[in-house]
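Each chain is listed here by its residues.
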Amino acid sequence: MSGELLRVTRLSKRFGGFVALDNVSLSVRAGERLGLIGPNGSGKTTLITCISGALYNDVGEIHFEGRDVTRLLPHLRARAGIARSFQIPKPFASMTVLDNLRVPLEYAARSRAAHGRVLDEAMRVLELIGLVHRAHENSAGLTQVDMRKLELARALAAKPRLLISDEVMAGLAPNEVAEVLAILRKLNNSGITIIMIEHIMHAVMRFSERVICLDAGQIICEGTPESIVQDAGVQRAYLGA
Amino acid sequence: MKSAAFWGALAAIFAAGLALTGAVANEYYYNALYLILQAALMAIAWNILGGFTGYVNFGSAGFFAIGAYTTVALNKALGLPLPLLILAGGAVGGLVGLGLGYLTLRLKGVYFAIATLAMAIVIETLVINWSYVGGAKGTYILTPEKHLWFDSYIQMLFVVMLLLTLAAVAISRMLSSSRIGRGLAAIRDDEVAAECAGVPTLRLKLVSTTVMGAMMGVAGAPFPFFVTFVDPSSAFNLFIAVNAIAMPMIGGTAHWLGPVIGALLVGTTQEIVKVTVSSEMNVLIVGVMLVVFITLAPQGIVGLARKHLRRRKP
């Protein structure tokens, strides 16, 4: 597993006078586990929102599997294999948990999903995430933990090549964090590239092969988890000395 | 509802409608039923965009009038038969729905709602200044002599409207349980999440506005023959738009059955009040019902029933 899956080149995004992303470049190998850390407001979510397409960057380019997706509509990026979970869960509240997964299976993964077996596939994803017992419940009534799992499950149902998990572990108990980490690890073993945004440091450090730290819209450090923890800039900006 | 039961029920209702025309001669009943069915058709149409997709349309009267005035214009120009006029009304309504979608669907929430209202006013202004279809004075339509095997023309119109409404119910039900329906519901629940799940939101919203516009155009197309005199104030009546919103709200917007139940309940009450109390009171009825339902049962009658069912079966 090698070769470049995602390349972000000199990306900038501003909201009025506020520069959210300033000349960010990064590259992700196929099959890699990349951690994205940084203080609140440093541009992590803006970066992945630009990658998944709900926001368009002002300057710079995004290439996915060698193809320029900078101006591609978000639903086409989802079809191409970019999936994300949302930091604040956005379930399809009028639907059951199962139907929540049918949407990405029937749209994003349409060309890749076995036709007519959408429900089977949805159940398989729920099994993997550990939500089978909630399949027929209304998604609006889920607990926080289950709602975060649903976020992950829905992103998975899109059958992505690149999965971006945006603070999917926030607010989870330690044993649940371990559970989600194990799931992500399993996904990665099956060939899915993962970008993880997380504030739970031991989780990011344990999971990631490489970590990028953002501060004020710029990449201030990039390297192995060990080297990141040692970096003076990261300590000052984020970890706290 | 099982598919066989659903189609059986539709067939039974249509048969009952046909049987009624053989048994009852009093034309009043067909008048009243026609109005209720017309309101039901409008409510079903509104619900496809407003209920399934979550975009509130205040311009329903505009689409209805497009259907009515398509009939007026084509009847005068070419003298087409009713089925073709209905098709034409649907086609023009659908096209305007598509156009409205292109122009306004980047707007969200209340801005979209205001844009639809503005569109209805623009169309009304155009019609007022179009003398060929009567302009502000309005125009008379002659009821055709022929009415198939029915005793009167209104009986035939009633059966036509019944058929159209049942077709709309079937379309609405198919749409809501299809892949497209799930896509629309995803847009309503969360548009950004829907896009990230691969839902082509703009295209689906255009499908939604087009189907809505076409159904409303179809609902308006037979209207000139029903009233025999059409002027902008009757075709663009705000009451049509208010009913189209109120009926799905009262019945429940998330389910295809909601607007049907709402229209039957509100429409029937209106007709009863119209003859027993006063014809002005029926406007008040909608207002009161709407307030009561929005405060006590925001999910409508269907929502209430679901809650009740869920409580009984733990």
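Given the structure is predicted, the values throughout are model-derived calculations rather than measurements.

Reading the values: rules and limits
- Residues numbered from 1 in each chain as written.
- Chains lettered and ligands numbered in written order.
- Predicted model: local features only at pLDDT ≥ 70, side-chain atom pairs only at ≥ 80, totals over all residues.
- Contact = placed C-beta atoms within 7 Å.
- Helix = DSSP H or I, 4+ residues; strand = E, 2+ residues; numbered from the N terminus.
- Nonpolar A, V, L, I, M, F, W, Y, C, P; charged D, E, K, R; others polar.
- Pairing = 2+ DSSP bridges.
- Domains from an automatic or database assignment.
- Buried ≥ 20, exposed ≤ 12 C-beta atoms within 10 Å, placed from the backbone.
- Axes fitted to C-alpha atoms, helices over the stretch in contact; angles between N-to-C directions.
- Left-handed = near helix turned anticlockwise from the far one by under 90°.
- Expected span 1.5 Å × (residues − 1).
- Arc of directions from axis to C-beta.

Q: I would appreciate a short explanation of the interface of chain B and chain A in the present structure.
A: A common way to state how big an interface is: give the accessible area lost once the parts meet. Contacts between the two partners involve 17 residues from chain B, matched on the other side by 23 residues from chain A. Those elements that provide at least two residues to the side of chain B that touches chain A are helix H7 (179–189) and helix H8 (191–196) of chain B. Top element by residues in the side of chain B that touches chain A is H7 of chain B. It accounts for 6 residues. Taken together, the residues that form the side of chain B that touches chain A break down as 9 nonpolar, 3 polar and 5 charged.

Q: Looking at this model, I keep getting lost on the pairing of strand S4 (residues 59–64) of chain A. Mind explaining?
A: Two faces belong to every sheet, and in a regular strand the side chains alternate between them. Residues and elements named next belong to chain A. Sheet analysis places strand S1 (residues 4–15) next to S4, joined by 5 bridges and oriented antiparallel. Across the sheet, serine 12 pairs through a bridge with valine 59, a residue of S4. In this structure, S4 lies alongside strand S5 (residues 67–68), joined through 2 bridges in antiparallel fashion. Looking at the pairing, histidine 63 lines up with aspartate 68 of S5. In sequence, S4 turns back onto S5 through a hairpin of 2 residues, with glutamate 65 there showing a positive phi of about 50°.

Q: What exactly am I supposed to notice about the sheet that holds S1 of chain A here?
A: Remark on secondary structure: sheet strands pair via backbone hydrogen bonds, oriented parallel or antiparallel. Residues and elements named next belong to chain A. Spatially, the 4 strands line up as an open sheet ordered S2-S1-S4-S5, and their pairing is antiparallel. The sheet is open, and its two borders are formed by strand S2 (18–29) and S5, each paired with just one other strand. In terms of strand pairing, S1 meets S2 through 8 bridges, oriented antiparallel. Paired with leucine 6 across the strands is valine 28, a residue of S2.

Q: Is there a simple way to think about the domain arrangement of chain A in this case?
A: Residues and elements named next belong to chain A. When the domains of chain A are assigned, the result is domain 1 (1–81 + 160–241) and domain 2 (91–159). Distance between the C-alpha centres of domain 1 and domain 2: 23 Å. Residue-level contacts link 10 residues of domain 1 with 11 residues of domain 2. Put simply, the parts of the chain that give the side of domain 1 that touches domain 2 at least two residues each are helix H2 (74–80), strand S7 (162–166) and helix H6 (174–189). For the side of domain 1 that touches domain 2, the class distribution of residues is 6 nonpolar, 2 polar and 2 charged.

Q: Quick question: what am I supposed to make of the environment of asparagine 47 of chain B here?
A: All names here are of chain B. With respect to the secondary-structure elements, asparagine 47 resides in helix H2 (residues 27–52). The class of asparagine 47 is buried, set by 32 C-beta atoms lying within 10 Å. Separated by 212 residues in the primary sequence, asparagine 47 and proline 259 have C-alpha atoms spaced 6.8 Å apart.

Q: How should I be thinking about the packing of helix H13 (residues 257–276) of chain B against helix H14 (residues 281–296) of chain B in this particular structure?
A: When two helices pack together, you describe them by how their axes are tilted relative to each other and by the distance separating the axes. Residue and element names in this part refer to chain B. At a closest axis distance of 8 Å, the pairing of H13 and H14 adopts a crossing angle of 145°. Crossing geometry of H13 relative to H14 is assigned as right-handed. On H14, the residues touching Val266, Thr269, Gln270, Val273 and Lys274 of H13 are Met281, Asn282, Ile285, Val286 and Met289. Each residue belonging to the contact of H13 with H14 can be placed in one class, and the counts come to 6 nonpolar, 3 polar and 1 charged.

Q: For this particular structure, what's the right way to read helix H5 (residues 109–128) of chain B?
A: Every α-helix winds through 3.6 residues per turn, so residues three or four apart in the chain are directed the same way. Residue and element names in this part refer to chain B. A rise of 1.5 Å per residue sets the reference length of H5, with its 20 residues, at 28 Å; its end C-alpha atoms lie 29 Å apart and thus fit the reference within 8%. Taken as a whole, H5 has its buried residues at Phe112, Thr116, Met119, Ala120, Ile123 and Val127. One side of H5 carries all its buried residues, which in axial view fall inside an arc of 95°. Counted as exposed and oriented over 90 degrees from the buried face of H5: Val110, Tyr111, Val122 and Thr125. The secondary structure elements touched by the buried residues of H5 are helix H3 (60–77), helix H4 (82–104) and helix H11 (232–235).

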